[in-house]
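The primary structure of each chain is shown beneath.
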Amino acid sequence: MNKRTALILALAVTPVLAQTAAEKRIINIQGAPRGDLRNGPLTFTGSPVKATVSSLQIQAKQATLAAPAGTPLTNAKGKRTASFSDDITVSRGRLTAKGDKLAYSEASGQGVMSGNARATFVPDDKSNGDTVTIAAGQMSLDVDNNVSTSTGNVTLRNGIQSGKADKLVFDEDRELAQLTGSPSLTRAAKGNQKELTITGQEVRARTAEKTLYVRGGVKLVQGTLTTTGNAVYYDDKKNVAYVVGNAVSTDSKTKVTVRAPASGALEQRTDLGRVRALNTAYKIPTEQFQLRGE
């Protein structure tokens, strides 16, 4: 194949790929609508109204399909908006989201849920995992990828772990949650282990593995132990946390303080309530917590 032939093939393929991406955003609403079929808007009612867009399945009591002002509905594919109300359920794979209102834009590929927005994400192996639940003031579902973004008094629960933040990005494929905006995560007391709370500037959680990466002025509080540093990796299944960067731990009861060496770290056993200094450097496996595009 010469260069000229390769260029022609590349130019021929590119529009097809772009069209396919745009087609994924087209919404299809079932039923016989009321309204102006040419100009819109169209209103759908049912028990329930059903719609699909990409891998999203939507159910609601009522839906409205509209075009931008001045554009006939019949010519507006790819620019239309759809709004749903009352008893809304959106499902995609292992994710199910519910709310009072849903606004979808074909142009952006975003469906924004509001009014008591909440979602559940079931584990791949229900016998060996916990269902993740999310609640927020608003939840945006992206049809171009399996990612949701929740904002406003966000809460996340994963078994005995619970998190709070202003914003939560959840990647369903990687089962990875990013919490920002004054985030905190609490692991409830279990057995002889006291409740553990971790705070920092950013929390990333692998919900299936029950591991955390927290960075930016981190603080761990468990009973009388308070440990601080620049970042922490926590494995809930192994009951161990590694704190790096100016790591210091103080027991308010015994008055004992443990400091990490300049090039070392602190290891905190959350099941034993014990902290020790590591003389060797510890590298947090940050690659496990990378978001899309990083």
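The rules we used
Residues numbered from 1 in each chain as written. Predicted model: local features only at pLDDT ≥ 70, side-chain atom pairs only at ≥ 80, totals over all residues. Heavy atoms only, no water. Helix = DSSP H or I, 4+ residues; strand = E, 2+ residues; numbered from the N terminus. Polar contact = N/O pair within 3.5 Å; in protein donor to acceptor, adjacent residues only side chain to side chain. Contact = heavy atoms within 4.5 Å. pLDDT = per-residue confidence, 0-100. Core = buried A, V, L, I, M, F, W, Y, C linked by side-chain atoms within 4.5 Å. Buried < 20%, exposed > 50% of the residue type's maximum accessible area, 1.4 Å probe, protein only. Salt bridge = Lys/Arg side-chain N within 4 Å of Asp/Glu carboxyl O. Pairing = 2+ DSSP bridges.

- By the naming in an unreviewed UniProt entry, the protein chain is Organic solvent tolerance-like N-terminal domain-containing protein, taken from Deinococcus terrestris.

### Thoughts on the side chain of D171
Inference 1: Within the secondary structure layout, D171 lies in strand β10 (residues 161–171).
Inference 2: At a separation of 3.2 Å, a polar atom in the side chain of D171 contacts the main-chain amide nitrogen of R174.
Inference 3: Among the polar contacts listed, one links the side chain of D171 to the side chain of R292, at a separation of 2.9 Å.
Inference 4: Apart from residues no more than four positions distant in its own chain, D171 is found in contact with N146, V147, L176 and R292.

### Section: the confidence of the model for the protein chain
When pLDDT is low, close inspection of the predicted coordinates is not appropriate.
Inference 1: When the pLDDT values of the protein chain are averaged, the result is 91; 93% of them are 70 or greater.
Inference 2: Note on residues 1–19: pLDDT is under 50 here. Beyond four places in sequence and across chains, it has 2 contacts.

### Points about the nonpolar core
Inference 1: Within the largest apolar cluster, 56 residues are counted, with the highest numbers of intra-cluster contacts made by I27, I29, F84 and V90.
Inference 2: Setting aside anything within four residues of it in sequence, one finds I29 in contact with F44, V49, K50, A51, A63, L65, A82 and F84.

### Notes on the pattern of salt bridges
Inference 1: Counted under the stated rule, the structure contains 15 salt bridges.
Inference 2: For E106, the salt bridge is made with R80, and the minimal N-O distance between the two is 2.7 Å. On the criterion of sequence distance, the pair formed by E106 in the loop between β6 (95–105) and β7 (110–121) and R80 in the loop between β4 (56–66) and β5 (81–92) is long-range, its members being 26 residues apart. Of the two residues, E106 and R80, both sit in the buried class.
Inference 3: Taking the shortest distance from any N to any O, the salt bridge between R206 and E209 comes out at 3.5 Å.
Inference 4: Connected through shared salt-bridge partners, D171, D173 and R292 make up one network.

### Some points on the pairing of strand β8 (residues 132–142)
Inference 1: Note that β7 and β8 share 10 bridges and pair antiparallel. Looking across to β8, one finds that A119 is bridged to I134.
Inference 2: Pairing between β8 and strand β9 (residues 147–158): 9 bridges, direction antiparallel. The partner of S140 across the bridge, within β9, is T149.
Inference 3: What sits between the antiparallel neighbours β8 and β9 is a turn of 4 residues.

### A few points about the pairing of strand β18 (residues 248–251)
Inference 1: The pairing of strand β16 (residues 225–235) with β18 spans 4 bridges and is classified as antiparallel. When the sheet's bridge partners are listed, T227 is paired in β18 with S249.
Inference 2: Of the pairings in the sheet, the one linking β18 to strand β19 (residues 257–259) comprises 3 bridges and is antiparallel in character. The partner of S249 across the bridge, within β19, is V258.

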